[in-house]
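# Summary of the model geometry
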Amino acid sequence: MKVLAINGSPRPKGNTYHAIRAAADALEEAGISCEILHVGHKAVHGCIACQKCHEMRNERCAIDDEVNDWIQHMKAADGIILASPVYYTGIAGTMKAVCDRAFYVSGANGNFFRLKPGAALVAVRRSGGVATFDQLNHYFTISEMPVVSSCYWNAIHGLEPGEALGDGEGLNVARTVGVNMAWLLKLIEHGRGTLPTPAAPPGVRTNFIR
Ligand SMILES: Cc1cc2nc3c(=O)[nH]c(=O)nc-3n(C[C@H](O)[C@H](O)[C@H](O)COP(=O)(O)O)c2cc1C
């Protein structure tokens, strides 16, 4: 089993990385590999609402760049960690662009992230951690993905790269995410074939129009 952790910080060894590392260590100790995909330093355009992913249904975003490879990586993973630094109390721009496009493509193609456990991690100097954590969780909760939680809201604190290593509680929260994700992944694997997978819900979309 493997987990893909997406690092939305432009800083490869910044505080977001240290949160991921704590979760990844716990996963790896439990025998589950964790690949870290660094996207925060890339030039990624946001979703342009062209709806081509809905028209073509080929699991690709019409903006032909690396995001299409990352989407397939996410599809192949058993669990997904979305990790972002907090920028203006929200998800960092590049990470938001990646997530909007990846989850829109998945949604347009039968929701292929459905039922994969997901967990959010954020790195923050002071304020906006919970708001950003909430925003990241929205990608999971529209996608029928079980959300892996921890013993607090998943934020690690620091400003300069590495400062978060001094946040013992934040590291413990991130580590607990890894412990709990490993447990959930093993439960799912253990139960595979013994219980039917719930059928996908009917696509009812009224946009509030009566
Ligand atoms: C553009 C920008 C906006 C930021 N906005 C906030 C903010 O709203 N609240 C906060 O506490 N820290 C804010 N920060 C600080 C970062 O969240 C903090 O340095 C974090 O540890 C960065 O994670 P990283 O080392 O993984 O990049 C901001 C930093 C930048 C560069």
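Presented here is a report on the structure given in the accompanying data block.

## Here's the deal with the nonpolar core
Among the nonpolar cores identified, the biggest contains 36 residues, and Ile6, Met74, Leu82, Phe103 and Phe113 are the most heavily contacted of them. Every element with two or more residues in this core is listed here: strand E1 (2-7), helix H3 (67-76), strand E3 (79-87), helix H4 (93-108), strand E5 (118-124) and helix H5 (129-141). The element contributing the most residues to this core is H4, with 8 residues. In contact with Phe103, not counting residues within four places along its chain, are Met74, Leu82, Phe113, Tyr139, Ser143 and Met145.

## Let's talk about the environment of Ser106
With respect to the secondary-structure elements, Ser106 resides in helix H4. Sequence-wise, Ser106 and Cys61 are 45 residues apart; in three dimensions their C-alpha atoms are separated by 9.7 Å. Apart from residues no more than four positions distant in its own chain, Ser106 is found in contact with Asn111, Phe112 and Phe113.

## Comments concerning the site of the ligand
Taken together, 17 residues surround the ligand, and among them Ser9, Thr16, Val86, Arg126 and Ser127 come closest. Here Ser127 contributes a backbone N or O atom positioned 2.7 Å from a nitrogen atom of the ligand. When the ligand sits alone it has 640 Å² of accessible area, and the protein chains cover 78% of it. Mapped onto the shell around the ligand, the elements with two or more residues apiece are helix H1 (15-29), E3 and E5. Among the elements that line the shell around the ligand, the one with the most residues is E3, at 3 residues. For the shell around the ligand, the residue count by class is 7 nonpolar, 7 polar and 3 charged.

## Remarks on unusual backbone geometry
Peptide bonds are mostly trans, and most non-glycine residues show a negative phi. Positive phi, close to 55°, is recorded for Ala49, a residue that is not glycine. Within the secondary structure, Ala49 is located in the loop between strand E2 (33-38) and helix H2 (52-56). We classify Ala49 as exposed; its relative accessible area is 51%.

## Some points on the side chain of Asn7
Turning to its location among the elements, Asn7 is positioned in strand E1. With a relative accessible area of 1%, Asn7 lands in the buried category. Each residue touching Asn7, except ones within four places of it in the same chain, is listed here: Pro12, Thr16, Tyr17, Ile20, Ile36, Leu37, His38, Val39, Gly40 and Ala83.

## A short note on the packing of H1 against helix H6 (residues 168-191)
Here H1 crosses H6 at 35°, and the two axes come no closer than 7 Å. Along this stretch, H1 crosses H6, giving a crossing that reads as right-handed. Of the residues in H6, those touching H1 at His18, Ala19, Ala22, Ala23, Ala26, Leu27 and Glu29 are Leu171, Ala174, Arg175, Gly178, Val179, Met181 and Ala182.

## Re the pairing of E1
Burial analysis of E1 places 5 of its 6 residues in the buried class, which makes it a mostly covered element. Relative to E2, E1 runs parallel, the two being bridged by 6 bridges. Across the sheet, Asn7 pairs through a bridge with His38, a residue of E2. Following the backbone out of E1, through H1 and into the adjacent parallel E2, one traces a crossover that is right-handed. Both E1 and E3 contribute to a ladder of 5 bridges, which runs parallel. Looking across to E3, one finds that Val3 is bridged to Gly79.

So, how was this worked out
- Residues numbered from 1 in each chain as written.
- Predicted model: local features only at pLDDT ≥ 70, side-chain atom pairs only at ≥ 80, totals over all residues.
- Heavy atoms only, no water.
- Core = buried A, V, L, I, M, F, W, Y, C linked by side-chain atoms within 4.5 Å.
- Buried < 20%, exposed > 50% of the residue type's maximum accessible area, 1.4 Å probe, protein only.
- Helix = DSSP H or I, 4+ residues; strand = E, 2+ residues; numbered from the N terminus.
- Contact = heavy atoms within 4.5 Å.
- Near = heavy atom within 4 Å.
- Polar contact = N/O pair within 3.5 Å; in protein donor to acceptor, adjacent residues only side chain to side chain.
- Areas by Shrake-Rupley, 256 points an atom, 1.4 Å probe, with all protein chains shown as cover.
- Nonpolar A, V, L, I, M, F, W, Y, C, P; charged D, E, K, R; others polar.
- Axes fitted to C-alpha atoms, helices over the stretch in contact; angles between N-to-C directions.
- Left-handed = near helix turned anticlockwise from the far one by under 90°.
- Pairing = 2+ DSSP bridges.
- Right-handed = clockwise from strand over helix to strand, strands pointing away.

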